[in-house]
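Breakdown of the fold
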Amino acid sequence: MAREYSMDRRAYLRTVGAAGASAAIAGCLGGSGGGDDVIVPGTASGFPPFEFTENGELVGFDVDLAEEVIDRAGYEVGDWVDVEFDTLIPSLNEGDIDLVAAAMTITEDRDETIDFSDPYYEANQAVLVQEGGDFNPSSVEDLEGNRVGAQSGTTGEDEVQALIDEGIVSESDYRQYDNYTLAVQDLENGNVDAIVIDIPVANNFADSRSVEIAFEIETGEEYGLGMREDDDRLSDVNDALAEIEEDGTYDDLVSEWFE
Ligand code: GLN
């Protein structure tokens, strides 16, 4: 199975980690994450099933996908860096990481400061509410007068901002979170009335927590892996992604993490 394969390889990387790290430092005076042969992946966990921690280990669809892509592209997978979502692009541009694998939507704004791989996943936004609660909105208009939350720096936040601009949600009712796990906790505890979040992750939380999807907001967004604009390894990454989609590895990962 793909998952076992990647976990085996993680274990392998741990054992060669020390030697690999000094080799990377020796080959890296320019300040990028690793040497040219190493791609250091970065993510923001707490976004299941794309990236989350399980028994202290970072796992998920993006984790397996990125490791497989980096490997097939002919590079070594560096040690994962796990930061808050809105820190990922600065971390990438500062060279702390070389690749963002964080269910990150390809947007025009982001495309101005980083490059994206070809799209690898499609999603819409969803509105999450308390399971079995009194608040059951069926459209964005129903959010009027309620407290609405999202994670800082996300396309979910963009949707809330649009509702604020339209005068549907008031600015003071916006609840901004460092990560969606905290937002879902606040929703369960009744400290916020609704959360705007990517639908695949909303589904995952609805299965595992006391929350449910009230309705969907169609955004038609596409996720891409992020790399620095001057990193010419992106074409190898795109080739690897295409190969994984063609040979069925991609579908295996989807059935492993989404079914
Ligand atoms: N897809 C959303 C975005 O890019 C959310 C990503 C996330 O929270 N990891 O903004």
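See above for the structure.
These figures come from a predicted structure and were not determined experimentally.

Let's shift gears to the overall build of the protein. Scanning the protein from N- to C-terminus turns up nine helices and 14 strands. Burial analysis of the protein (259 residues in total) assigns 51% to the buried set. Total accessible area on the protein stands at roughly 11,700 Å², and carbon and sulfur atoms take up 43% of it.

The next subject is the side chain of Asn124. Within the secondary structure, Asn124 sits in strand β9 (residues 121-130). Taking the relative accessible area as the measure of exposure, Asn124 reaches 16% and is therefore buried. From its side chain, Asn124 meets the backbone nitrogen of Thr219 in a polar contact 3.0 Å long. Residues contacting Asn124, with those up to four places away along its chain left out, are Ile197, Asp198, Ile199, Pro200, Glu216, Ile217, Glu218, Thr219, Gly220 and Glu221.

A word on the side chain of Thr43. When you line up the elements, Thr43 lands in strand β2 (residues 41-43). What makes Thr43 buried here is its relative accessible area of 0%. The residues contacting Thr43, other than those within four sequence positions of it, are Glu51, Leu58, Trp80, Val81, Asp82, Val83, Leu88, Ala101 and Ala102.

In sheet architecture, strand pairing relies on hydrogen bonds along the backbone and comes in two forms, parallel and antiparallel. With respect to topology, five strands assemble into an open sheet ordered β11-β10-β12-β9-β13, the strand pairing being mixed. A single partner strand is all that each edge strand has here, and the edge strands are β11 (174-177) and β13 (211-223). Here the strands of the sheet are splayed against their neighbours by 25 degrees on average, with no regard to which way each runs. As defined by bridge partners, strand β10 (residues 148-151) adjoins β11 across four bridges and the pair is classed as parallel.

Taken together, 13 residues lie around the ligand, and Ala103, Thr105, Arg110, Thr155 and Asp198 are the ones closest in. A distance of 3.0 Å separates a nitrogen atom of the ligand from a polar atom in the backbone of Ala102. Between an oxygen atom of the ligand and a main-chain N or O atom of Thr155, the distance comes to 2.8 Å. Starting from 290 Å² of accessible surface for the ligand in isolation, the protein chains cover 100%.

Mapped onto the elements of the fold, Ile89 is located in helix α3 (residues 88-94). Here the alpha-carbon distance between Ile89 and Gly42, two residues 47 residues apart in the chain, equals 9.7 Å. For Ile89, the contacting residues outside a window of four places in its chain are Met104, Arg110, Thr113 and Ile114.

Before going further, it helps to examine the pattern of salt bridges. Overall, the coordinates contain eight salt bridges when judged by the stated rule. For the salt bridge of Asp193 with Arg147, the shortest nitrogen-to-oxygen distance reads 3.0 Å. You can see Asp193 sitting in the loop between α6 (180-188) and β12 (194-198) and its partner Arg147 sitting in the loop between β9 and β10, a full 46 residues away along the chain. On the accessibility criterion, Arg147 (24% relative accessible area) is partly exposed. The residue Glu188 makes a salt bridge to Arg209 at a minimum N-O spacing of 2.9 Å. On the criterion of sequence distance, the pair formed by Glu188 in helix α6 and Arg209 in the loop between α7 (199-208) and β13 is long-range, its members being 21 residues apart.

So, how was this worked out
- Residues numbered from 1 in each chain as written.
- Predicted model: local features only at pLDDT ≥ 70, side-chain atom pairs only at ≥ 80, totals over all residues.
- Heavy atoms only, no water.
- Helix = DSSP H or I, 4+ residues; strand = E, 2+ residues; numbered from the N terminus.
- Buried < 20%, exposed > 50% of the residue type's maximum accessible area, 1.4 Å probe, protein only.
- Areas by Shrake-Rupley, 256 points an atom, 1.4 Å probe, with all protein chains shown as cover.
- Polar contact = N/O pair within 3.5 Å; in protein donor to acceptor, adjacent residues only side chain to side chain.
- Contact = heavy atoms within 4.5 Å.
- Pairing = 2+ DSSP bridges.
- Axes fitted to C-alpha atoms, helices over the stretch in contact; angles between N-to-C directions.
- Near = heavy atom within 4 Å.
- Salt bridge = Lys/Arg side-chain N within 4 Å of Asp/Glu carboxyl O.

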